[in-house]
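Each chain, written out:
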Amino acid sequence: MKIVKRILVIFLVIIVLAVGVIYYYLHSLQPKYEANLQLPGLYSQVEVLYDNYAIPHIYAQNEEDLFYAFGFVHAQDRLFQMEVLRRLADGRLSEVFGEKALQSDKFFRMLSFRQQAKLTLETVYKDPNAPFVKAAKAYLKGINQYIKVGKTPIEFTIAGIPKTEFTMEDMEIIVGYMGYTFVGAFRTEAVATQIATKYGMDYFNDVLNGWPDSLHKIPVQAGQNKAMQNASNTLNTMAKEVTAIQNNLMYPPFFGSNGWVIAGNKTKSGKPILSNDTHIAFSQPSIWYEAELVCPGYNIYGNFLAGTPVPALGHSDKGGWGLTMFENDDADFFREKINPANVNQVWYKDHWEDLLVRKETIRIKGKADLAFYIKKSRHGFIMNGAFDGIKEIEDPIALWWVYHQFPCRHLQVFYNLSHASNATEAANAVEPLTAPGLNFMWADTIGNIAWWAAGKLPIRPTHVNPQLILDGSTGLDDPQGWLDFIQNPQILNPARGVLYTANNQPMDMGTGLVPGYYVPSNRASRIEELVFTDKKDWEESSIRAVINDVQSTNYPRLLAKILPVIQKDKLTGAAQNCYQILNKWDGMHGLENIEPTIFYKFLHLINKYSLEDELGKDAFQSFENQASLKKNMEHFFQNDSSKWWDNILTPVKETRADIFTKAMNDATIELNKQLGENTANWQWKKVHSIEHKHPLGIVPVFGKWFNVGPIAVNGGKETINNLDFNLDSSGLYKVLYGPALRRVIDFGQTSKAMSVNPTGQSGYFMNSHYDDQAKMFAEGGKRPELSKREDVEKVMIGKTIFKN
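Not measured: the values here are computed from a predicted model.

Draft legend 1. Just the overall build of the protein chain, in detail. From N to C terminus, the protein chain includes 24 helices and 30 strands. C-alpha atoms of the protein chain, sized along the principal axes, occupy 80 × 80 × 70 Å. Counting every position in the protein chain, which comprises 804 residues, the buried fraction comes to 63%. Roughly 30100 Å² of accessible area belongs to the protein chain as shown, and the carbon and sulfur atoms make up 53% of that amount. One finds the centroid of the 82 positive side-chain charges in the protein chain at a distance of 5 Å from the centroid of its 86 negative side-chain charges.

This is how it looks when you write it as structure tokens:
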């Protein structure tokens, strides 16, 4: 027994020592905030002060040193995020994660971001002395210096990723990837064409064309055939795969956003106030990295994407800007007519045209390399080859995307915008933007407020409906040119002293409404209710209350129109109770509310019972969560004669009242099974939660250390605090995307701007700043964006000095 005990003691000591060694090793990989470091080639000393949220404030004597140091600092905190984004955009995840990443790699390799990056470098970057080019090169130099001398993030070791230097092409493909926002086009145009060709325009108009165009627009100044039906089936298959890819992206791109600016004559400080919350799918680390960059002639506090040197959001002591998605339709799908005698040719007008063909090879961990061919017509890349189970020679579909039509100017745009000090300079800065379309909201200390919907807008033939698949063989559906920037929706200093965007449709600038995938007016109408008032003393705290608002006044109005349709005498007792609960609902989505739990289950079942029989399971699941259906929902639900109400799979003819009544009864049954029969226990907090997932969060046992959450949250679908989710049969509403920050800047006191990050600044899972803002974010809190050195020094947790 003594020997056994000794062995056990020795064994325990070994385990404790091993755990201690592992902990010490992992702890040693943390970013170092207090340091004296060498950066070869630095012109002058650079200081980096880290505030109490580990946000770096970098002080240099010139821009090249500033961006050089920033590249090093950014890589120290977010190198793994940079690496994943680079591999994701380039279609190289399979090299690390194996065959499960292959579908994503084929899709993004087809999108050809690297080829577009080469074009951009040959044209936009051709002048090596252009200030934005010098800044980009200095930033890359800093990243690569960290790769050379810095610590290797633990994720690289776990995943077996070799550290390799970043190039200008890598930077551009990351920018290109973040511009990939047309996934809605896949889902909408596939289903729209299916509905129009298979069931006709009565069906189409109910769910895709009934949106009241006059409602809550952003103010400004100034016949199908069998072949197309087959093409819609092909695009539907693609849409299913793209949706699966989208749902599993490690760092998904933009979804939407809110933003508004209030003029100085309505604020307590007498200067404009800017509010912005960009909507992006949640991930860990969070998408934005904050930093303040200061040197003579340049002072910007901004939010940066991993691998990019200039802020996508930012402000100085003179002016600043916010972003929302324009949501313009910048992608069309063309059905090409293949040559039966030569699969590398398609018909155009009166002749066969050769496709451009290139070979791509994807390396797969643990498997043989995959070689495949990417083909391009005059309309764009043929997508068939990027998807499994779709034959290239049957119904080839080309992606025409604005991004592919021009060199990318994102870095140039945001570099110039970060140097702008007034509305004129800001307008000049954003004009060259091509795709994706972005709403820029501007405010400055002079008192200007402005909004520009930037992006190249195509002129489509008048007969073209961009919601449908187009014919590539005739040339009749081809874009005919481009609008000048002055024709884009925009406004400067509106008379009513307020401007806003919430991904809603802009008004006509005189060239027709811009086609797009605009969202329903829920958020827009609520912003108008709260902000467009006679209030003259707006300040940060009152704006913060609006940005955190979780009440939808649209849903109670919708219920007031549809609840009376229900056949109350056919409701069960439990369903009648749910009916009464919804009838009294004020639209609040608080943690303790039970009404949202009932409403979204009821809504899902209405959609399912009315649409799934015609569309089929896969197309329905894709279509249910599209903006197109959401914005047409009120019109659809009020149309008692819609053909959708009848279930074509049953011998009887169902009515709207039948569908609504069945949905209410079945919603109650399903909620009883899920949460119990006591409705008091159906609180929103039990079914609505947020989890910030790390790319390594799927690793067994250890993965949970990298993820943050789940955390119960308030808010809902299209509330201002837009913590959105997919409707489905699960009864759980796991947040997919929402505010990637909530920032408010009063230009009467720019040094007191306030914001919050969904999790934290650090990208290292053992760092205290990895998730120190997660609870604050979930509860609608805030913390300062410090931009005065003396304020930073009061809360400083470390100081790094860089010397040559």
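And the narrative resumes.
Draft legend 2. Looking closely at the side chain of N439. As for its position among the elements, N439 is in strand β18 (residues 438–444). The buried category is assigned to N439, whose relative accessible area is 1%. Reaching out from N439, the side chain makes a polar contact with the backbone oxygen of M325 at a distance of 3.2 Å. Within polar-contact distance, the side chain of N439 engages the side chain of W451 at 2.8 Å. If we ignore the near neighbours within four places in the chain, the residues touching N439 are G322, L323, T324, M325, F326, W451, W452, A453 and T501.

Draft legend 3. Structural context of the packing of helix α14 (residues 522–531) against helix α16 (residues 554–562). Interhelical geometry of α14 versus α16 gives an angle of 115° and a closest axis separation of 10 Å. One element, α14, and the other, α16, form an angle in the roughly perpendicular class. Together, N522, S525 and E529 of α14 and N554, Y555 and R557 of α16 make up the contact between the two elements. Classifying every residue of the contact of α14 with α16 gives one nonpolar, three polar and two charged.

Draft legend 4. The packing of aromatic side chains, seen in detail. Applying the stated rule across the entire model yields 41 aromatic pairs. On the basis of an interplanar angle of 55° and a centroid distance of 4.6 Å, the ring pair of F70 and F304 is categorised as tilted. Of the residues examined, F70 reaches a relative accessible area of 0% and is grouped as buried. Ring centres of F108 and F113 lie 6.4 Å apart, and the angle between their planes is 25°; this geometry places the pair in the stacked category. F113 shares its class with F108; the two are buried. Note that K337 overlies the ring of W347, its terminal NZ or CZ placed 5.9 Å from the centroid.

Draft legend 5. The pattern of salt bridges, seen in detail. Tallied over the full model, the rule gives 42 salt bridges. R92 serves as the salt-bridge partner of E95, at 3.3 Å between the closest nitrogen and oxygen. Assessed through its relative accessible area of 19%, R92 is described here as buried. Residue D549 pairs with R526 through a salt bridge whose shortest N-O separation is 2.9 Å. One end of the pair, D549, is in the loop between α15 (540–547) and α16; the other, R526, is in helix α14, with 23 residues separating them in the sequence. Of the two residues, D549 and R526, both sit in the buried class. One salt-bridge network, held together by shared partners, links E83, R86, R87, D90, R92, E95, R114, K118, E169 and D170.

Draft legend 6. The arrangement of unusual backbone geometry in detail. Of note, the bond from Q284 into P285 is cis; its omega dihedral lies within 30 degrees of zero at 0°. For P285, the location among the structural elements is in the loop between β5 (273–281) and β6 (289–295). Phi at E327 takes a positive value of approximately 70°, unusual for a residue other than glycine. Take E327: it is sitting in the loop between β9 (319–325) and β10 (331–335). Located in the positive-phi region is N503, a residue other than glycine, with phi close to 65°. Within the secondary structure, N503 sits in the loop between β22 (498–501) and α14.

Draft legend 7. The arrangement of the packing of helix α17 (residues 573–583) against helix α18 (residues 595–615) in detail. Running from amino to carboxyl end, α17 crosses α18 at an angle of 110°, the nearest separation of the two axes being 10 Å. In terms of their interaxial angle, α17 and α18 are classed as roughly perpendicular. Residues C578, I581 and L582 of α17 lie in contact with α18, whose contacting residues are E595, I598, F599 and F602.

Draft legend 8. Examining the sheet that holds β6 more closely. If you trace the eleven strands from one edge of the open sheet to the other, you get β1-β30-β2-β3-β6-β7-β8-β9-β18-β19-β21, paired in mixed fashion. The sheet is open, and its two borders are formed by β1 (35–38) and β21 (490–492), each paired with just one other strand. Strand-to-strand twist of the sheet, defined as the mean angle between neighbouring strand axes without regard to direction, takes the value 20°. With three bridges joining them, strand β3 (residues 56–59) and β6 adopt parallel strand pairing. Considered in β6, the bridge of I58 is made with L293. Its contacts with the sheet put helix α2 (residues 63–90) on β1, β2 (46–50), β3, β6, β7 (298–304) and β30 (798–803), and the angle it makes with β6 is roughly 160°. Relative to strand β19 (residues 449–454), helix α13 (residues 423–430) is tilted by about 10°, and along the sheet it contacts β18, β19 and β21.

Draft legend 9. Just the side chain of N422, in detail. Turning to its location among the elements, N422 is positioned in the loop between α12 (410–418) and α13. Its relative accessible area of 19% is what places N422 among the buried residues. Among the polar contacts made by the side chain of N422, one reaches the main-chain amide nitrogen of T424 at a distance of 3.1 Å. Excluding its chain neighbours within four sequence positions, the residues that come into contact with N422 are W442, D444 and I446.

Draft legend 10. View of the nonpolar core. Grouped together as the largest cluster of nonpolar side chains are 137 residues, with contacts concentrated most on F108, F113, Y177, L293, F414 and F440. The element contributing the most residues to this core is α2, with 15 residues. Those residues in contact with L293 that lie beyond four places of it in its chain are I58, L66, F67, F70, Y298, N299, I300, F304 and P309. Judged by nonpolar contacts, the second largest core, of 56 residues, contains L468, F637, W645 and W682.

Draft legend 11. Structural view of the sheet that holds strand β13 (residues 351–354). Overall, antiparallel pairing links the three strands, which are arranged β11-β12-β13 in an open sheet. Every interior strand has two partners, whereas the edge strands, β11 (338–339) and β13, have only one. Of the strand pairs in this sheet, strand β12 (residues 342–348) and β13 are connected by four bridges, and their pairing is antiparallel. Residue pairing for β13: W347 is matched across the bridge by W352.

Draft legend 12. Local environment of the environment of A341. Mapped onto the elements of the fold, A341 is located in the loop between β11 and β12. Separated by 142 residues in the primary sequence, A341 and L483 place their C-alpha atoms 39 Å from one another.

Draft legend 13. Summary view of the environment of F602. Relative to the helices and strands, F602 is located in helix α18. Taking the C-alpha atoms as reference, F602 lies 9.5 Å from K662; in sequence the two are 60 residues apart. Apart from the residues within four sequence positions on either side, F602 is in contact with L559, I562, L563, I566, L582, F660, A663, M664 and A667.

Cut-offs used in this document
- Residues numbered from 1 in each chain as written.
- Predicted model: local features only at pLDDT ≥ 70, side-chain atom pairs only at ≥ 80, totals over all residues.
- Heavy atoms only, no water.
- Helix = DSSP H or I, 4+ residues; strand = E, 2+ residues; numbered from the N terminus.
- Buried < 20%, exposed > 50% of the residue type's maximum accessible area, 1.4 Å probe, protein only.
- Areas by Shrake-Rupley, 256 points an atom, 1.4 Å probe, with all protein chains shown as cover.
- Lys, Arg positive; Asp, Glu negative; His and termini not counted.
- Charge placed at Lys NZ, Arg CZ, Asp CG, Glu CD.
- Polar contact = N/O pair within 3.5 Å; in protein donor to acceptor, adjacent residues only side chain to side chain.
- Contact = heavy atoms within 4.5 Å.
- Axes fitted to C-alpha atoms, helices over the stretch in contact; angles between N-to-C directions.
- Parallel < 35°, antiparallel > 145°, perpendicular 65-115°, else oblique.
- Nonpolar A, V, L, I, M, F, W, Y, C, P; charged D, E, K, R; others polar.
- Phe/Tyr/Trp six-rings, centres within 6.5 Å; stacked < 30°, edge-to-face > 60°.
- Lys NZ or Arg CZ within 6 Å of the ring centre and 35° of its normal.
- Salt bridge = Lys/Arg side-chain N within 4 Å of Asp/Glu carboxyl O.
- Pairing = 2+ DSSP bridges.
- Core = buried A, V, L, I, M, F, W, Y, C linked by side-chain atoms within 4.5 Å.

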